[in-house]
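Residue-level structure breakdown
Okay, here's what each chain looks like letter by letter:
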2 protein chains.
Amino acid sequence: MSAELIDHLFLPAFGEASQSVLGDSAVLPAPGGRLAFSTDSFVVRPMFFPGGNIGDLAVNGTVNDLAMSGATPLYLSTSFILEEGTPLREIGMIATSMGRAASTAGVRLVTGDTKVVDSGRGDGVFVNTAGIGVVAEGVDVRPDRATLGDVVIVSGYIGVHGVAIMSVREGLDFGATIESDSAPLNGLVAAMLATGADLHVLRDPTRGGLATSLNEIARASKVGIRIIEADVPVSDVVADACSLLGLDPLYVANEGKLVAFVAPGDAEVVLESMRGHPFGTDAVVIGQCIDAHPGMVAARTGLGAERVVDLPIGEQLPRIC
Amino acid sequence: MSAELIDHLFLPAFGEASQSVLGDSAVLPAPGGRLAFSTDSFVVRPMFFPGGNIGDLAVNGTVNDLAMSGATPLYLSTSFILEEGTPLREIGMIATSMGRAASTAGVRLVTGDTKVVDSGRGDGVFVNTAGIGVVAEGVDVRPDRATLGDVVIVSGYIGVHGVAIMSVREGLDFGATIESDSAPLNGLVAAMLATGADLHVLRDPTRGGLATSLNEIARASKVGIRIIEADVPVSDVVADACSLLGLDPLYVANEGKLVAFVAPGDAEVVLESMRGHPFGTDAVVIGQCIDAHPGMVAARTGLGAERVVDLPIGEQLPRIC
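Calculation criteria
- Residues numbered from 1 in each chain as written.
- Chains lettered and ligands numbered in written order.
- Predicted model: local features only at pLDDT ≥ 70, side-chain atom pairs only at ≥ 80, totals over all residues.
- Helix = DSSP H or I, 4+ residues; strand = E, 2+ residues; numbered from the N terminus.
- Rg over C-alpha atoms; globule rule 2.2 N^0.38 Å.
- Buried ≥ 20, exposed ≤ 12 C-beta atoms within 10 Å, placed from the backbone.
- Contact = placed C-beta atoms within 7 Å.
- Pairing = 2+ DSSP bridges.
- Axes fitted to C-alpha atoms, helices over the stretch in contact; angles between N-to-C directions.
- Nonpolar A, V, L, I, M, F, W, Y, C, P; charged D, E, K, R; others polar.
- Arc of directions from axis to C-beta.
- Core = buried A, V, L, I, M, F, W, Y, C linked by C-beta atoms within 7 Å.
- Least-squares fit on C-alpha atoms with pLDDT ≥ 70 in both.

This paragraph deals with the overall build of chain A. Each helix and strand counted, chain A has eight helices and 14 strands in total. Computed over C-alpha atoms, the radius of gyration of chain A comes to 20 Å, within 12% of the 20 Å expected from 2.2 N^0.38 for 321 residues, which places it in the range of a compact globule. Along the first, second and third principal axes, the C-alpha atoms of chain A reach 60 × 50 × 35 Å. Looking at the 321 residues of chain A, the share that counts as buried comes to 55%. Partitioning the contacts of chain A with sequence separation of at least 6, the portion at a separation of at least 24 is 87%.

This paragraph deals with the sheet that holds strand 7 (residues 125-135) of chain B. Spatially, five strands are ordered 1(A)-2(B)-7(B)-5(B)-6(B) in an open sheet, and the strand pairing comes out mixed. Two strands close off the open sheet at either side, each with one partner strand: strand 1 (26-28) of chain A together with strand 6 (108-117) of chain B. Pairs of neighbouring strands in the sheet enclose a mean axial angle of 20°, with direction left out of account. Relative to strand 7 of chain B, strand 2 (residues 34-42) of chain B runs antiparallel, the two being bridged by nine bridges. Looking at strand 7 of chain B, one finds that Thr-39 of chain B is bridged to Ala-130 of chain B.

Before going further, it helps to examine the interface of chain A and chain B. Listed as interface residues are 43 residues of chain A and, on the opposing side, 43 residues of chain B. Tallying contributions element by element places strand 2 (residues 34-42) of chain A first for the side of chain A that touches chain B, with eight residues. Residues belonging to the side of chain A that touches chain B are distributed by class as follows: 20 nonpolar, 14 polar and nine charged.

Residue and element names in this part refer to chain B. Residues of helix 7 (residues 236-245) that are buried include every one of Val-238, Ala-241 and Cys-242, and no others. End-on view of helix 7: buried residues confined to an arc of 100°, all on one side of the axis. Opposite the buried face of helix 7, by more than 90 degrees, sit the exposed residues Asp-236 and Ser-243. Buried positions along helix 7 lie against helix 4 (160-170). Backbone geometry just downstream of helix 7 places Gly-246 in the positive-phi region, at approximately 70°.

Residues and elements named next belong to chain B. Here strand 10 (residues 224-228) pairs with strand 12 (residues 284-290) via four bridges, running antiparallel. Bridging across to strand 12, Gly-224 finds its partner in Ile-290. Here strand 10 runs beside strand 13 (residues 297-300); their pairing, made up of four bridges, is parallel. Counterpart to Ile-225 in the pairing with strand 13 is Val-297.

Attention now moves to the nonpolar core. For soluble globular proteins, nonpolar side chains are generally found buried alongside one another. Core analysis: the biggest nonpolar cluster contains 206 residues, and Ile-153 and Ala-260 of chain A together with Ile-153 and Ala-260 of chain B have the highest contact counts within it. Other than its neighbours up to four places away in sequence, Ala-260 of chain B contacts Ile-153, Met-192, Leu-199, Val-201, Leu-202 and Val-270 of chain B.

To continue, consider the relation of the copies chain A and chain B. Mapping chain A onto chain B calls for a rotation angle of 180° and an axial translation of 0.0 Å; the resulting RMSD is 0.0 Å. Accordingly, the operation relating the two chain copies is best matched by a two-fold axis. Measuring from the rotation axis to each C-alpha of chain A, the shortest distance belongs to Gly-122 of chain A, at 2.1 Å. Mapped onto chain B, 100% of the interface residues of chain A are again interface residues, and the two copies thus contact each other with one and the same surface.

Right under this line is the structure:
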């Protein structure tokens, strides 16, 4: 059954993004340079949502994880855990989206695997993607490189993917459909790197949202981070949805946004490069690294007060990726 | 929850086999040379079985897929899909086995991911491993390189892993416990490559067993393959279990065996190198590539007749990996 799925479903669906053979292992040309290596399993429910599905999310997610280490993503593996009884049509739509997303991102699907589990022992389709990228000489992007004075930039409006998923799940209607922002960010990162600026930290704030990413960076880099609440771009419809759902947009997942830390002298040229890219048109500075409260994140509120932006502790995050 | 699992469960369990940080993406030294890249999701039931569990199976499986392309495995990623309510003790045992298996195989667990799904939407623990290896100059091992005259070698007794799993599942007792042969084969492959022999094809006959691997190789290489049934090593206990379960050992999964195709002139030195390695002591020649029936596999039976060894078509293979 797996062999038939590969020949008749996955390979045609993946299209030009796949190698001719999806064997047990792919042998690839030496990319030369340090490698970046990343993996992610995707279990998002519903599998199909406004603006995407589990397939393009799985491709973009791993492309972005690689890009966040400053790498150029090259190759992806795909592995499916299919629940018996899942309509082939749905699997085909997911695979087609993966092929299209891989082509868009400029990566190749080079090896794969499929397992089928009994009905009731899985949940439709789970997708794992792992990826290999190459890191250019001189690039050193790490969550522990944020430095006192660094400027914090986000690439656009936050909270969109999480709200898109939760709106569907809760059956909410906000007048307009909120579409996931799922997108590959490797092109945006390439534009930022092309400026020659020394990017210290890049992160795509997925599970746990911007607040979680900032906290992880503050801890890893042992700096304090202060953001200006009013400067964080949140669209009206996301703000409305969040207040209805009782959510803070800072904690809501994104799939096509990044946060960058750069030295103040580099901020202008990096911002400019981002605004010149389709996935960074709304890029803005939202804060800075400070010497107060190292390891912690604070937000200056609209009233001029300062509040701690904590990690969400013990909370069960919904299946948004 | 994922962050806590990583810090308090996975990292201690993986031990010295893991990097200090299991971040979104690992940046690794340039290995120099062509890369091999492979992925596999593991859904075996039961998760714990005589001779191993889903964790060491997941490490050995991807190590072996890399080794079968002639690569030296270097790095593995690990990704878990955990069903809510799975005992942490079981997850810990699985992770500990993974760390131990990685150390044994000489590979490092460098990046990972964890997802939790609702109870009833998964099945305990699913594990994905992807892996990167490096292929030395001059090595060209591919399923389509089998050539007329090539000698077919298996590394030992077949059908052990599948029978071990199915015995537990069916509650069968054969007097002695049959233990899975799950093992990393990269050391054995390294010994074979060290002879300088030109290995044409390597394959670990997992799902679908030896018959399926031979069929895939015959098709890919467009050669006929003839095996001598009496020369295929099957232990008495596996033969007994298979006859009780109505199985043909040729179709039963292995996890610590390989089949190799080499030119007749290389057969002796390769066999010798295998027999000198703990995982190849019982290596034997079982057949040859012939010009009759290209793309097909035939077995000479004990009675001197020849029977076609087909691909298992449309059969639902049990969850043995």
